[in-house]
Amino acid sequence: MRQRDDFRTMRVVSSRRISPSMQRLRLTGDDLHRFATYENLHVRLYIPKEPRSGWNTTDNGSIDESLNDLSVSAMRYYTIRHIDADAGWIEIDFVLHDHGGPGCLFALAARAGDSCGISGPCGRGVKPCSSCVLIGDATALPAIGRICETLVPACIGRIIALSDHPIALSVPTGVSVTWMPTSARKSALRIAEMALRATEEELPDQTFVWGAGEFRMIRELEGLTKHVPSERRLLMPYWKSV
Ligand SMILES: Cc1cc2nc3c(=O)[nH]c(=O)nc-3n(C[C@H](O)[C@H](O)[C@H](O)COP(=O)(O)OP(=O)(O)OC[C@H]3O[C@@H](n4cnc5c(N)ncnc54)[C@H](O)[C@@H]3O)c2cc1C
């Protein structure tokens, strides 16, 4: 059994609803500096069976990666929305979706003092670019928010956000944000395609295309952006509708 040395035990500090469908948890833990990078935006979140009764770790504070540890109920991927490693906290925004699984239910029930675990960081960010097209559903909003922090002020482009509940995003003046309802996937993809064509005409070979969200949307996006070289394209299915 391999033990993860990038595992951290975390405690819930606060929980607040930032939109009707999004819960923000602030989690505190030790030695978080490895997570404070824009190169890897995500963490594996380990959800305990009993968040209120503590956490079984090995002697070195690590955890069994295979989740054989009886105190672990599930692992899910989430994005670090905010981090202050010096102060020892991160924030994660959880989508409160129908048919909530362990991740969503943990966020809904979380109280100060509850425990969970994180490991990582993992996943890639967006490479420096002068133009971008970002598209994602509600699960992608934390990553979009974080990516926006890395865009140069002169960056141009478009963000297409599929969410019934818009949240504040801080973007360069040349980047527009289009909010669309979750049901408008097809139209959102068409807009993304048009936005890509427009930025490619204005700044040929400089547009970074980023997309994340439900599996089928990402598959369709892959088809529409085949011509974009892999170094300027990052598409990632975040969840699958069943
Ligand atoms: C790299 C990465 C980063 C991610 N970052 C975030 C993040 O910052 N915030 C965030 O909220 N999610 C994020 N996700 C998505 C999240 O991991 C999934 O939505 C996950 O399935 C939620 O787990 P759960 O235990 O709540 O539901 P599960 O047990 O996985 O699923 C239970 C049921 O809910 C459905 N379901 C799952 N997610 C959704 C959804 N979003 N909308 C509607 N139905 C859903 C499933 O199809 C299933 O029927 C990320 C995923 C990846 C891969």
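The paragraphs below set out a description of the structure included in this document. All values reported here derive from a predicted model rather than from experimental measurement. (Residues numbered from 1 in each chain as written. Predicted model: local features only at pLDDT ≥ 70, side-chain atom pairs only at ≥ 80, totals over all residues. Heavy atoms only, no water.)

### Points about unusual backbone geometry
Stage number 1. Cis geometry marks the peptide bond from G120 to P121; its omega dihedral reads 5°.
Stage number 2. As for its placement among the helices and strands, P121 is situated in strand β7 (residues 115–122).
Stage number 3. With phi around 55°, H99 is a residue other than glycine that occupies positive phi space.
Stage number 4. By secondary structure assignment, the location of H99 is in the loop between β6 (89–95) and α1 (102–109).
Stage number 5. Residue classification places H99 among the exposed residues on the basis of a relative accessible area of 79%. (Helix = DSSP H or I, 4+ residues; strand = E, 2+ residues; numbered from the N terminus. Buried < 20%, exposed > 50% of the residue type's maximum accessible area, 1.4 Å probe, protein only.)

### Quick word on the nonpolar core
Stage number 1. Of all hydrophobic cores here, the largest spans 20 residues; its most connected members are L27, I90, F94 and I118.
Stage number 2. Within the residue set of this core, elements represented by two or more residues are β1 (8–19), β2 (22–28), β3 (42–48), β6, α1 and β7.
Stage number 3. Not counting residues within four places of it along the chain, the set of residues in contact with I118 comprises D6, F7, R8, M10, L32, F35, V43, R44, L45, Y46 and I90.
Stage number 4. Counting 19 residues, the second largest nonpolar core, distinct from the first, contains V126, A140, I147 and W210. (Core = buried A, V, L, I, M, F, W, Y, C linked by side-chain atoms within 4.5 Å. Contact = heavy atoms within 4.5 Å.)

### Description of the environment of S19
Stage number 1. By the element assignment, S19 lies in strand β1.
Stage number 2. Here S19 falls in the buried class, since its relative accessible area comes to 8%.
Stage number 3. As a C-alpha pair, S19 and P166 span 147 residues in sequence and 7.7 Å in three-dimensional space.
Stage number 4. Leaving out residues up to four positions away in the same chain, S19 has contacts with H165 and I167.

### Notes on the state of the cysteines
Stage number 1. Summed over the entire model, instances satisfying the criterion amount to zero disulfides.
Stage number 2. Of the cysteine sulfurs around C129, a residue in no disulfide, the closest is that of C155, at 4.5 Å.
Stage number 3. With no disulfide partner, C155 has as its closest neighbouring cysteine sulfur the one in C132, 4.0 Å distant. (Disulfide = S-S within 2.5 Å.)

Coordinates in, geometry out; function isn't part of it.
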